[in-house]
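# Notes for the structure review
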Amino acid sequence: MSPTLFWIFAAITLGFGAATLINRNPVASALSLAVSFLGLAALFTSLSATFIGIVQVLVYAGAVMVLFLFIIMLLDLKAEQRRQVRLSALIGGVVIAGLFASQVVLVLRHFPKGNHEFPPLSLPHPDAVNIGLTLFGHYNLPFQVIGVLILVASIGVVVLSKRELN
Amino acid sequence: MNPLSLDLAVLALGLVLVFLEAFNDGKEKAFLGWIATAGIGVIFALSFLVSPQEIVATQLVPFYTADPLAIFFKRFALGTTLIVLIIAIEFRPILSHYLPASVRNGGVAEFFALPVFTCLGLMWMASAVDFIMIFVSLELVTISFYVLVAYMRRNNPSLEAGTKYLILSALSTGFFVYGITWIFGVTGKTNLGAVGQAILSLPVENQTALLFGLALLLVGLGFKIAAVPFQLWVPDVYQGAPTPITAFLSVGSKAAGFVLLIRILDPFIKAPATSGKVQLVLVALALLSLVYGNLTAMPQLNLKRLLAYSSIAHAGYLLMALASFQNGHFKQTTVSFYLAGYLLMTLLAFLVMVVVNRVAGGDSIAHFNGLGQRAPWLAFGLTVAMLSLAGIPFTAGFMGKFFVFADAVEAHQWLLVVVGIVTVGAGFYYYLKVVRAMYWNPAKNNEPIQAGRLTQVTVGVLVFLIVALGVYPQPVLDLLK
């Protein structure tokens, strides 16, 4: 992919990610997150990870975002907009985030700059087949553990949200 | 017997409980607590037929180990869950009071099924030797705890504790995952053995990034073991959560955190480039936890909160044992023995607390006034637990602290030894405060307190084990060979 496209998509991802935090209106915030996900999907696709790119759009920008919006619709939007930002909390947040970011920058400075041209990947199977083989082959045990995890999570949702337990 | 069959047996038990719940719609389901307890008890007994083995199944090799440490902590998880379920049976009347149930004891079944899954997660975590396996089993444990902590839906402190635990735990998980990605980025591996190999031949310019990843991992794990400065969640969550779950959190979650610390830090203390830095961080965490935990425990008037701060202090002693590693080897036996003693005394204290809470209606130390007359057996049990937590000779707590201090002296960690001894002295004050309330302060009413038969037997067994390990610790040490 041309570097220009990379910079454009990276800017979209980061810019809308920041907008998610800055926007006071929750709906605008959620929609910014969706656009940020789209930029991320484009970056994945450009790295020859087409499948992950598509899943990113379908699952995150699609399903998860709809869920987000549903939750937001149930909230009182006005209350959120009226809420005052406490100055101390704001300063504290900025200082901590700044410290963390500067630490990451300091660490990254130690790396040599990457100027390589990477050749396109040549894989034995199409993208999705590869993921399937890895997931159900090599990573089978963690995959099964996630199955149990999701069972527990769904039991938890029922227990905590059902109106009357019997 | 194959060690993996233990995990599968626990999984099967959990599924059976869930199905029994589902197919007994609208009926009395309190009996599930007994089935869960019996099932875990049987699997715990069976675990002594399992012997450590290097390779369980070839396709699992990169993820799963069944070395002596893993087997020890599988038994540890099963033993903890067994006693937690017994506490949960005793706790059931309080629990149903806070549930929006349409039938008698409605909604209590999952309270017995979910700890079984938590136990499964703890057992997998004990065996995990790959960051991906570690992460998914850690999440299994954490997610079941989210539900269990907030379980008493009509009790505001429980909901508050659940929310706090969810948010702070998710944050710490974020740090943990970010740390994993840095280490993967530098080494290109997720298997801990392979990471260890890669560290030894790592170019110097990548070491900063490696240490940064390690620091992030330590933030995540510091949260799990409740070490200072990652302890902010502990008091409120411990106090608000249902008491059996508080017990589970303080023992199970902490033990799992320490297994992970031993496993994850092992490659780093073997590499000369990182070993000194790891030691420095461990010493700092240990000192902070010792001082903060013991000092803040002193003014507490609520026993649950007191035990929360004391659990921070105990994390300090355990970290002290970790910090005293020598020649690239952790003192695994010391940590494991200390945790085994900690299991017995903490769970004993929580067991007595639940019975008293049910009758007297609260957990503050004042509710224990006159317990010596109202329930001599329970008061005796709680006394033994408190003496052991404080570290009086002839208890498991003393023996554990003895090993910790012996290791620290051997490793010439003098600062830790001095601070440790001073804080042990501080511990006497607040643990014995509870004993004083039970025997010297008069109760408001002198009605005897009745505990279930199973509870009384469990108190006896735990007291016996605490004293037995305090006199003759060898059986537990042998388990790790």
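Note that the structure is predicted; figures quoted are calculated from it, not measured.

Procedures and definitions
Residues numbered from 1 in each chain as written. Chains lettered and ligands numbered in written order. Predicted model: local features only at pLDDT ≥ 70, side-chain atom pairs only at ≥ 80, totals over all residues. Heavy atoms only, no water. Helix = DSSP H or I, 4+ residues; strand = E, 2+ residues; numbered from the N terminus. Rg over C-alpha atoms; globule rule 2.2 N^0.38 Å. Buried < 20%, exposed > 50% of the residue type's maximum accessible area, 1.4 Å probe, protein only. Contact = heavy atoms within 4.5 Å. Areas by Shrake-Rupley, 256 points an atom, 1.4 Å probe, with all protein chains shown as cover. Lys, Arg positive; Asp, Glu negative; His and termini not counted. Charge placed at Lys NZ, Arg CZ, Asp CG, Glu CD. Buried area = accessible area lost by both parts, 1.4 Å probe. Salt bridge = Lys/Arg side-chain N within 4 Å of Asp/Glu carboxyl O. Polar contact = N/O pair within 3.5 Å; in protein donor to acceptor, adjacent residues only side chain to side chain. Nonpolar A, V, L, I, M, F, W, Y, C, P; charged D, E, K, R; others polar. Domains from an automatic or database assignment. Phe/Tyr/Trp six-rings, centres within 6.5 Å; stacked < 30°, edge-to-face > 60°.

## Thoughts on the overall build of chain A
- In terms of regular secondary structure, chain A is built from seven helices and zero strands.
- Of the regular secondary structure in chain A, the N- to C-terminal order runs α-α-α-α-α-α-α.
- The globule rule puts the C-alpha radius of gyration for 166 residues at 15 Å, and the 21 Å found for chain A is more than 25% above it.
- Considering only C-alpha atoms, chain A reaches an extent of 55 × 45 × 25 Å along its principal axes.
- Here chain A holds 166 residues, and 20% of them are scored as buried.
- Of the contacts made within chain A by residues no fewer than 6 positions apart, 59% connect residues no fewer than 24 positions apart.
- Carbon and sulfur atoms provide 73% of the accessible area of chain A, an area that totals close to 11800 Å².
- Of note, chain A has its 9 positive side-chain charges centred 12 Å away from the centre of its 5 negative side-chain charges.

## Concerning the interface of chain A and chain B
- At the junction of the two partners, chain A supplies 29 residues and chain B supplies 44 residues.
- When the buried area of chain A at its contact with chain B is split by residue, Leu141(A), Leu165(A) and Asn166(A) rank highest and sum to 21% of it.
- In this assembly, chain A and chain B are joined by zero salt bridges.
- Inspection of the chain A/chain B interface yields three residue pairs in polar contact (both at pLDDT 80 or more).
- Residue assignment for the side of chain A that touches chain B shows that the elements contributing at least two residues are α5 (87-109) and α7 (140-161) of chain A.
- With 14 residues, α7(A) is the single largest residue contributor to the side of chain A that touches chain B.
- Looking at the side of chain A that touches chain B residue by residue, the classes come out as 20 nonpolar, six polar and three charged.

## Considering the domain arrangement of chain B
Residues and elements named next belong to chain B.
- In terms of domains, chain B is made up of domain 1 (1-270) and domain 2 (273-481).
- Look at where the C-alpha atoms of domain 1 and domain 2 centre, and you get two points 21 Å apart.
- Contact residues are listed per partner, giving 51 residues for domain 1 and 52 residues for domain 2.
- Here domain 1 packs against domain 2, burying approximately 4700 Å² in sum over the two surfaces, 77% of which is carbon and sulfur.
- One can count two salt bridges joining domain 1 with domain 2.
- On inspection of domain 1 and its partner domain 2, the count reaches 13 residue pairs in polar contact (both at pLDDT 80 or more).
- Listed by contribution, the elements that provide at least two residues to the side of domain 1 that touches domain 2 are α3 (68-97), α8 (207-225), α9 (234-240) and α10 (243-270).
- Its residues assigned to classes, the side of domain 1 that touches domain 2 shows 38 nonpolar, seven polar and six charged.

## A look at the packing of aromatic side chains
- Summed over the entire model, instances satisfying the criterion amount to 31 aromatic pairs over all chains.
- Taken together, a centroid distance of 6.0 Å and an interplanar angle of 90 degrees make the contact between Phe100(A) and Phe175(B) edge-to-face. Of the two residues, Phe100(A) is situated in helix α5 and Phe175(B) in helix α6 (residues 156-187); the pairing between them involves two chains.
- Arranged with centres 5.4 Å apart and planes meeting at 45 degrees, the rings of Tyr165(B) and Trp233(B) form a pair that is tilted. In this pair, Tyr165(B) is assigned in helix α6 and Trp233(B) in the loop between α8 and α9, connecting sequence segments 68 residues apart.

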